[in-house]
Amino acid sequence: AIPSTPATQHISPRLGNHLAMRYRLVATSFGGVGCTSTIRGAVRHTLQTDLPTQMGGGDSAAQPIEALLASLLGCKVATAHYVARHLWARPHNRFESIEFADVEAVRDPRGALHLPITEPPPSPPGLTRVSGVARVHLPAGSPLTADDVAVLGRVVEQRCPIAAMLAAAGVEMDMEWVPGGAAPL
């Protein structure tokens, strides 16, 4: 058994001999279509989502799809740091930062908005494609190459939990991983 500490209290044996991470949240709607979610862990964090005013919201926070995309990019950053530590030889097993550029997600709004509401929509309501460029900023003098960064990207795409969920849902994931030169300020 794993001792219960703040770092391990969300680990739950549920997958045979493997450990499963659990995430607990509560949420409350506000202002019609807005939502405040509170993560219930050792440290509580709060996230909000809303819709633009033209869609009936108050435009007080990111749309849920935008929050999902921000989570995807944050997950890729965290995963990339882990992968780099285990993929690349020391002392070159880290990078300065990742800059995601031209990230675009596509979905057909008819999937969610088709009427009458009881009829099947003509297209799926979810995302169909996420694309962009991940510029990995390496430390000055790093011997790592564009091929090394491309391998990092392939492993990150396989290991990132949010990317894996989207890919399993049929979303085409098209992120190009390239060296980015000096880290942005």
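Computed from a prediction, not measured in an experiment: that's the story for all the values here. (Residues numbered from 1 in each chain as written. Predicted model: local features only at pLDDT ≥ 70, side-chain atom pairs only at ≥ 80, totals over all residues. Heavy atoms only, no water.)

Caption draft 1: How the structure looks around the packing of helix 1 (residues 64-87) against helix 3 (residues 146-159). Two elements in contact, helix 1 and helix 3, have axes whose closest approach is 9 Å; the angle formed by their N-to-C orientations is 120°. Relative to helix 3, the element helix 1 lies oblique. The handedness of the crossing between helix 1 and helix 3 comes out as right-handed. For the pair helix 1 and helix 3, the contacting residues are Lys76, Thr79, Ala80, Val83, Ala84 and Leu87 in the first and Val151, Leu152, Val155, Val156, Glu157 and Arg159 in the second. Residue classes in the contact of helix 1 with helix 3 are distributed as eight nonpolar, one polar and three charged. (Axes fitted to C-alpha atoms, helices over the stretch in contact; angles between N-to-C directions. Helix = DSSP H or I, 4+ residues; strand = E, 2+ residues; numbered from the N terminus. Parallel < 35°, antiparallel > 145°, perpendicular 65-115°, else oblique. Left-handed = near helix turned anticlockwise from the far one by under 90°. Contact = heavy atoms within 4.5 Å. Nonpolar A, V, L, I, M, F, W, Y, C, P; charged D, E, K, R; others polar.)

Caption draft 2: How the structure looks around the sheet that holds strand 7 (residues 127-137). Read across the open sheet, the three strands follow the order 6-7-8; overall the sheet is mixed. Of all strands in the sheet, those with a lone pairing partner are strand 6 (97-107) and strand 8 (172-179), marking the two edges. For this sheet, the mean angle separating the axes of adjacent strands, direction not counted, is 10°. Where strand 6 lies against strand 7, nine bridges are found, and the strand directions are antiparallel. (Pairing = 2+ DSSP bridges.)

Caption draft 3: Local environment of the sheet that holds strand 4 (residues 34-39). Spatial ordering of the open sheet is given by 3-4-5, a layout of three strands whose pairing is antiparallel. With one partner strand each, in any of the chains shown, strand 3 (25-30) and strand 5 (45-49) form the two edges of the open sheet. The sheet shows a mean angle of 20° between the axes of neighbouring strands, taken without regard to direction. Bridge count for strand 4 against strand 5 is five bridges, and the pairing is antiparallel. What sits directly across from Thr38, in strand 5, is Thr46.

Caption draft 4: Region of the structure containing the environment of Arg24. Considering the arrangement of structural elements, one finds Arg24 in the loop between strand 2 (18-21) and strand 3. Residue contacts for Arg24: discarding those within four places in its chain leaves Thr38, Ile39 and Arg40.

Caption draft 5: Representation of the packing of aromatic side chains. Under the defined criterion, the tally for this structure stands at one aromatic pair. With centroids separated by 6.2 Å and ring planes inclined at 85°, the aromatic side chains of Phe100 and Trp177 adopt a geometry described as edge-to-face. Residue Phe100 is found in strand 6, and its partner Trp177 is found in strand 8; the two are separated by 77 residues along the sequence. Judged by its relative accessible area of 7%, Trp177 falls in the buried class. (Phe/Tyr/Trp six-rings, centres within 6.5 Å; stacked < 30°, edge-to-face > 60°. Buried < 20%, exposed > 50% of the residue type's maximum accessible area, 1.4 Å probe, protein only.)

Caption draft 6: Molecular detail of helix 4 (residues 161-168). Those residues of helix 4 that sit buried are Ile162, Ala163 and Leu166. The buried residues of helix 4 occupy one face: seen down the axis, they fall within an arc of 100°. Residues of helix 4 that are exposed and point over 90 degrees away from its buried face: Met165 and Ala168. In this fold, the buried residues of helix 4 make contact with helix 1, helix 3 and strand 8. (Arc of directions from axis to C-beta.)

By themselves, these are just geometric observations and shouldn't be taken as functional.
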